Amino acid sequence: MGDEVYYKLREFLDQFPLGFPKTPSGVEIKILKRLFTEEEAKIAVLLTPIPEEASQIAQRSGMDPQFLEQKLEAMSKKGLIFRVRREGKTLYNSAPFMIGLYEYSVKKIDKELAKLFKEYYETAYQKEIGASNIPGFKVLPVEETIQVDTVLYPYHKLKESIKQARKIAVTECICRKEARLTGEGCNYPLETCLSFGAAAEYYIENGIGREITPEEAIKIIEEADKAGLVHAGVNSKHLSNICNCCPCCCASMKGCLLYTSPSPRDS
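None of the values given here were measured: they were computed from a predicted structure.

A.B. asks: Looking at this structure, how should I read the packing of helix H1 (residues 4–13) against helix H2 (residues 27–35)?
C.D. replies: At a closest axis distance of 10 Å, the pairing of H1 and H2 adopts a crossing angle of 105 degrees. Put simply, H1 runs roughly perpendicular to H2. Where H1 approaches H2, its residues Tyr6, Tyr7, Leu9, Arg10 and Leu13 are matched on the opposing element by Glu28, Ile29, Leu32 and Lys33. A per-class count over the contact of H1 with H2 returns six nonpolar, no polar and three charged.

A.B. asks: So what exactly am I meant to see when it comes to the pairing of strand S4 (residues 168–171) here?
C.D. replies: Consecutive residues of a regular strand have side chains that alternate between opposite faces of the sheet. Alternating residues of S4 divide into Ile168 and Val170 and Ala169 and Thr171, and every residue in both groups is buried. Here S4 runs beside strand S5 (residues 193–196); their pairing, made up of four bridges, is antiparallel. When the bridges of S5 are listed, Ile168 appears paired with Phe196. In this sheet, strand S6 (residues 210–211) lies alongside S4 in antiparallel orientation, the contact comprising two bridges. Within S6, the residue paired with Ala169 across the bridge is Glu211.

A.B. asks: What is the right way to look at unusual backbone geometry in this model?
C.D. replies: For residues besides glycine, phi is generally negative; the peptide bonds are generally trans as well. Backbone torsion omega between Met98 and Ile99 reads 0 degrees, so that peptide bond is classified as cis. Structurally, Ile99 is set in helix H6 (residues 97–101). Backbone geometry at Glu87 places phi at a positive 50 degrees, although glycine is not the residue there. The topology assignment puts Glu87 in the loop between strand S1 (82–86) and strand S2 (89–93). Exposure remark for Glu87: the relative accessible area of 83% places this residue in the exposed category.

A.B. asks: Sorry, what's going on with the confidence of the model for the chain here?
C.D. replies: Note that predicted coordinates carrying low pLDDT should not be read in detail. Scored by pLDDT, the chain has a mean of 85; 82% of the residues are at 70 or more. When the criterion is pLDDT under 50, residues 134–156 qualifies, and its contacts beyond four places in sequence or with other chains add up to 55 contacts. Low confidence marks residues 260–267, where pLDDT is under 50. Its contacts with residues over four positions away, or in another chain, come to 14 contacts.

A.B. asks: Is there a simple way to think about the side chain of Arg83 in this case?
C.D. replies: Inspection of the secondary structure assignment puts Arg83 in strand S1. Relative accessible area serves as the criterion here: at 2%, Arg83 is assigned to the buried category. In terms of polar contacts, Arg83 uses its side chain to reach the side chain of Ser76, at 2.8 Å. Look past the residues within four positions of Arg83 in its chain and what remains in contact with it is Glu73, Ser76, Lys77, Thr90, Leu91, Tyr92, Tyr202, Glu205 and Asn206.

A.B. asks: How should I be thinking about empty space enclosed by the protein in this particular structure?
C.D. replies: Summary: where empty space remains is shown by rolling a probe the size of a single water molecule over the atoms. Overall, the coordinates contain two cavities of 30 Å³ or more when judged by the stated rule. Of the volumes computed, that of the second largest cavity is approximately 50 Å³. Forming the walls of the second largest cavity are Leu9, Phe12, Leu13, Phe36, Ala44, Leu80, Ile81, Ser94, Ala95 and Leu101. For the lining of the second largest cavity, the element with the most residues is H1, which contributes three residues. Residue composition of the lining of the second largest cavity, grouped by class: nine nonpolar, one polar and no charged.

A.B. asks: Help me understand the pattern of salt bridges, please; the structure alone is not making it clear to me.
C.D. replies: Side chains bearing opposite charge may pair, as long as their charged atoms lie close to each other. Summed over the entire model, instances satisfying the criterion amount to 18 salt bridges. A salt bridge links Glu222 to Lys159; the nearest nitrogen and oxygen atoms lie 3.0 Å apart. Residue Glu222 is found in helix H11 (residues 214–226), and its partner Lys159 is found in helix H8 (residues 158–164); the two are separated by 63 residues along the sequence. Of the charged contacts in the structure, one is a salt bridge between Glu172 and Lys177, with a shortest N-O distance of 3.0 Å. A residue is classified by how much of its surface remains accessible, and Lys177, at 17% relative accessible area, is buried.

Cut-offs and rules
Residues numbered from 1 in each chain as written. Predicted model: local features only at pLDDT ≥ 70, side-chain atom pairs only at ≥ 80, totals over all residues. Heavy atoms only, no water. Axes fitted to C-alpha atoms, helices over the stretch in contact; angles between N-to-C directions. Helix = DSSP H or I, 4+ residues; strand = E, 2+ residues; numbered from the N terminus. Parallel < 35°, antiparallel > 145°, perpendicular 65-115°, else oblique. Contact = heavy atoms within 4.5 Å. Nonpolar A, V, L, I, M, F, W, Y, C, P; charged D, E, K, R; others polar. Buried < 20%, exposed > 50% of the residue type's maximum accessible area, 1.4 Å probe, protein only. Pairing = 2+ DSSP bridges. pLDDT = per-residue confidence, 0-100. Polar contact = N/O pair within 3.5 Å; in protein donor to acceptor, adjacent residues only side chain to side chain. 1 Å grid on protein atoms, 1.4 Å probe; cavity = no way out; pocket = protein on both sides within 12 Å on 5 of 7 lines; lining within 4 Å. Points joined across faces, edges and corners; volume = space filled by probe spheres on them. Salt bridge = Lys/Arg side-chain N within 4 Å of Asp/Glu carboxyl O.

So this is what it looks like as structure tokens:
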């Protein structure tokens, strides 16, 4: 099978709004090899962005349902695909490189993987982020920093949304952790990445984040705000994740600042 299965996985991940473009050096394949076994890479491309039961995926792919369910559960625990449990059912869906595989590597990243991520960002991914016509993040203002006459949409009322969250988790900022491993870190707080609801359950169950209260989450937001960090959430109406980003380490911010549309794919 060799590298072919990883080429197929790269092409699969490149279909997401924030893709996974290839590079002349092939560093993206090295990243995939660090994260996935050949068998896992082969299974990952069977999924879709829509959560499905293992039996549905097995029926579509012709694989044994029991075998596939065991593999999907193991892969979800490794942060290679996303998993959600609803009403006694377990559903699985594919995870993009960002927000997904990269962030889920927060507890297993080491110097070697950090160097691979850094090389990939500098040669391809920052340009991909900056050129995308579909932003992966939106800035979330804290009420105290907004002028009185500014009207916020309901999903921008950050503290209120946090208080209503079913489950909340916090983990370390993968960007700042990576930067520290490559000798380019900053002094901003490290444990600042928040997730909510199904995303929080995933982080807690997988051991890549710890559960916290709404009060603790609000305190993290307030301290990050005082430190000058940018509150960025997944570009959706429901509250799923909040990153507290710094321009020195955050790959997304660098991409937005350094690169603009039109997309390099259109050139």
